[in-house]
Amino acid sequence: DEVVNEPGANHPDLDDKTRSLAILAVLVGCQGLDAFDMMLPVAYETGLSSIAIKEMVYQATAYCGFGKTLPFLKKLNNFLGAANVHLPLEPQGTITPETRAKAGEDKQIEIFGEGMRGFAQSGPEETRHINKWLAGNCFGDYYTRKALDLRERELITFSAIVALGGCEAQVRAHVNGNVAVGAVKQNLVDALEVG
């Protein structure tokens, strides 16, 4: 409560639901499974939906890796089961295997600008497939899903990769991405403070 209620702290656009989303993403990024478990009921009390929380974990997978996010998905499913939430949740996907690459590139362009057009086919031949994965998976598979808007998705990405550590280039890129979707510097400072 000290961080949230600090006199003079400026949290103008970080409502309780958004704050919970940022905290959960940080906990996935730093591998704080026990704290994640403690935070789930709090996040629910703020009005964060089951689908939104699950989408946060899914999206973090693209940045943190499946091995690091699987325990969080299991913990969340156990929590939802104990809360009598029927699983599986309503599907949120909007793409097909055939449309994911183009849809991902479109999201990259929407967030980061025209410089992303053709990015998936750029770079040295031996690592070009990584750019393809970035467009298809990080943006096509996740950023196109329902339940969260681009601003929420960029905040999740920023929060998770900051918590991972050692991702300074990616953090800089996603600071710019957050600004492009309407965040201001203070929103990101607020997310770091509460995370």
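This section reports on the structure supplied with the text. Predicted model, so just to flag it, every value in this text is computed and none were measured.

1. Some words on helix α5 (residues 100-112)
- Taking 1.5 Å of rise per residue, 13 residues should cover 18 Å, and α5 covers 18 Å from first to last C-alpha, within 8% of that figure.
- Turning to α5, its buried residues are Ala 103, Gly 104, Glu 105, Gln 108, Ile 109 and Ile 111.
- Each element contacted by the buried residues of α5 is listed here: α6 (128-143), α7 (150-164) and α8 (168-180).
- Positive backbone phi, approximately 100°, marks Gly 113, located one or two places after α5.

2. Structural notes on the state of the cysteines
- Under the counting rule described, the total for this entry stands at zero disulfides.
- Left unpaired, Cys 30 is separated from the closest cysteine sulfur, that of Cys 64, by 9.5 Å.
- Given the relative accessible area of 44%, Cys 30 is considered partly exposed.
- A disulfide-free cysteine, Cys 64 has its sulfur positioned 8.2 Å from the sulfur of Cys 167, the nearest such atom.

3. Regarding the pattern of salt bridges
- Per the stated rule, a full pass over the model turns up seven salt bridges.
- One salt bridge in this structure joins Asp 141 and Arg 100, with 2.8 Å as the shortest N-O distance. Of this pair, Asp 141 sits in helix α6 while Arg 100 is found in helix α5, placing the two residues 41 residues apart along the sequence.
- Assessed through its relative accessible area of 28%, Arg 100 is described here as partly exposed.
- Among the ionic pairs, Glu 110 bridges to Lys 107, the shortest N-O distance being 3.4 Å. Of this pair, Glu 110 and Lys 107 are both found in helix α5, three residues apart, which corresponds to roughly one turn of the helix.
- One network of salt bridges, in which partners are shared, links Glu 55, Arg 145 and Arg 153.

Quick notes on the rules
- Residues numbered from 1 in each chain as written.
- Predicted model: local features only at pLDDT ≥ 70, side-chain atom pairs only at ≥ 80, totals over all residues.
- Heavy atoms only, no water.
- Helix = DSSP H or I, 4+ residues; strand = E, 2+ residues; numbered from the N terminus.
- Expected span 1.5 Å × (residues − 1).
- Buried < 20%, exposed > 50% of the residue type's maximum accessible area, 1.4 Å probe, protein only.
- Contact = heavy atoms within 4.5 Å.
- Disulfide = S-S within 2.5 Å.
- Salt bridge = Lys/Arg side-chain N within 4 Å of Asp/Glu carboxyl O.

Remember that the coordinates give geometry; whether it matters functionally is a separate question.
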